[in-house]
Amino acid sequence: MAEVKTNVMRMLDKAGTPHSVHFYSPDTGIDGLSVARTLNQDPQRVFKTLVTQGKSRTFYVFVIPVTATLNMKQAAAVCGEKSVEMLPQKLLLPHTGYIHGGCSPLGMKKAYPTFIDETAQLFDTICISGGKIGVQIELAPGDLCSLSGAQYAKLTTAE
């Protein structure tokens, strides 16, 4: 597959942030578990990006393991909202610049408050979407935190 530079890659290059790029066939599917299996990665280290909207109408970004589910009560609590709801898929592109399955916490149209599940800190590197279906970026969680202005928080409930 030909290497395509995404906004995420350009952002990381510009910041001089060490990272690896992993390509996979877009036919793999957009769910993170399929991507992790295809790339032979530990699913605990592969993170998905979820965009929500709070009662206040503010958008929030949550980065959690693909094996986990966002705890909406905990998510609302960490961002000081009464409640948060998933952003409808049709609103994802206009607000973030990304489509479902290719949404990255880096390089969105606007910087939204971002929270990364605390489990990211257990790993030297984690994988996130590269901003396009078929592209994964592997980087240190601390670098992701710095570049996205994120905070770590407990965001998921143990299954």
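Residue numbers restart at each chain and count upward from 1, following the sequence in its written direction. Under the rules for a predicted model, residues below a pLDDT of 70 receive no local features and side-chain atom pairs below 80 are neither given nor counted, while totals for whole chains, interfaces and linings still include all residues. Hydrogens and waters are ignored; side-chain quantities use all the structure's heavy atoms.

Caption draft 1: Layout of the pattern of salt bridges. When a carboxyl oxygen of Asp or Glu is within 4 Å of a side-chain nitrogen of Lys or Arg, the pair counts as a salt bridge. Counted according to the given criterion, the structure contains two salt bridges. For Glu138, the salt bridge identified is with Arg45, shortest N-O distance 3.5 Å. Linking Glu138 in strand S7 (residues 135–139) with Arg45 in the loop between helix H2 (32–38) and strand S2 (47–54), this pair joins segments that are 93 residues apart in sequence. Arg45 carries the same exposure label as Glu138, and that label is buried. The helix count covers DSSP runs of H or I at least four residues long, the strand count covers runs of E at least two residues long, and both are numbered beginning at the N terminus. For the exposure calls, accessible area comes from a 1.4 Å probe over protein chains only, and a residue counts as buried if that area is under 20% of its type's maximum, exposed if over 50%, partly exposed in between.

Caption draft 2: How the structure looks around the sheet that holds S2. Ordered by their spatial adjacency, five strands build an open sheet running S4-S2-S3-S5-S8, and the pairing between neighbours is mixed. Each end of this open sheet is capped by a strand with a single partner; those strands are strand S4 (84–86) and strand S8 (151–153). Ignoring which end each strand starts from, the neighbouring axes of this sheet average 35 degrees apart. Note on pairing: two strands pair once DSSP finds at least 2 bridges between them. Between N-to-C directions, angles span 0 to 180 degrees; the directions come from axes that are lines fitted to C-alpha atoms, helices contributing only their stretch in contact.

Caption draft 3: Layout of the nonpolar core. The definition of a nonpolar core used throughout is a set of buried Ala, Val, Leu, Ile, Met, Phe, Trp, Tyr and Cys residues joined through side-chain atoms within 4.5 Å. In this structure, Ile128, Ile137 and Leu144 are the most contacted members of the largest nonpolar core, which totals 26 residues. Of all the secondary-structure elements, those providing two or more residues to this core are helix H1 (7–15), S2, strand S3 (59–65), strand S6 (126–129), S7 and helix H5 (141–148). It only takes one pair of heavy atoms within 4.5 Å for two residues to be counted as in contact. In this view, Ile137 contacts Val8, Met9, Leu12, His19, Ser20, Val21, Ile126, Cys127, Ile128, Ser129 and Gly130; residues no more than four positions away in its chain are not counted. One finds Leu50, Leu70, Val84 and Leu155 within the second-largest nonpolar core, a separate group that totals 12 residues.

Caption draft 4: Examining the state of the cysteines more closely. Any pair of cysteine sulfurs within 2.5 Å is marked as a disulfide. Tallying each qualifying case throughout the model produces zero disulfides. With no disulfide partner, Cys127 has as its closest neighbouring cysteine sulfur the one in Cys103, 16 Å distant. The buried category is assigned to Cys127, whose relative accessible area is 0%.

Caption draft 5: Representation of the side chain of Gln136. When you line up the elements, Gln136 lands in strand S7. On the accessibility criterion, Gln136 (6% relative accessible area) is buried. Setting aside anything within four residues of it in sequence, one finds Gln136 in contact with Ser20, Val21, His22, Tyr24, Val35, Leu39, Gln41, Val46, Cys127, Ile128, Ser129 and Gly130.

Caption draft 6: The environment of Met108, seen in detail. Relative to the helices and strands, Met108 resides in the loop between helix H4 (89–96) and strand S5 (114–117). A relative accessible area of 12% means that Met108 is categorised as buried. Separated by 101 residues in sequence, Met108 and Asn7 place their C-alpha atoms 8.7 Å apart. Once you skip the residues sitting within four places of it in the chain, Met108 turns out to touch Thr49, Val51, Val61, Thr96, Tyr98 and Cys103.

Caption draft 7: Seen up close, the packing of aromatic side chains. Centre distance within 6.5 Å is the pairing criterion for rings of Phe, Tyr and Trp, where only the six-membered ring of Trp is used; planes under 30 degrees apart are then read as stacked, over 60 as edge-to-face, and the remainder as tilted. Applying the stated rule across the entire model yields two aromatic pairs. When the ring of Phe62 is compared with that of Phe115, the centres are 5.6 Å apart and the planes differ by 20 degrees; the resulting orientation is stacked. Of this pair, Phe62 sits in strand S3 while Phe115 sits in strand S5, and the two are 53 residues apart along the sequence. Take Phe62 and Phe115: they sit in the same class, and that class is buried.

Caption draft 8: Quick look at the confidence of the model for the protein chain. Each residue gets a pLDDT score, which is the predictor's confidence in that residue and runs from 0 to 100. Considering every residue of the protein chain, the mean pLDDT works out to 92; 96% of them sit at 70 or more. H2 is the least confidently modelled element of the protein chain, averaging 85 in pLDDT, while S5 averages 98, the highest of any element.

Caption draft 9: Here's a closer look at the sheet that holds strand S1 (residues 20–23). Strand order across the open sheet formed by three strands is S1-S7-S6, with antiparallel pairing between neighbours. Bordering the open sheet on either side are S1 and S6, each of which pairs with just one other strand. Across the sheet, the mean angle from the axis of one strand to that of its neighbour is 30 degrees, orientation sign disregarded. Both S1 and S7 contribute to a ladder of four bridges, which runs antiparallel. Opposite Phe23, over in S7, you have Val135 as the bridge partner. Across the sheet, H1 lies against S1 and S7, angled at about 25 degrees from S7, the strand it touches most.

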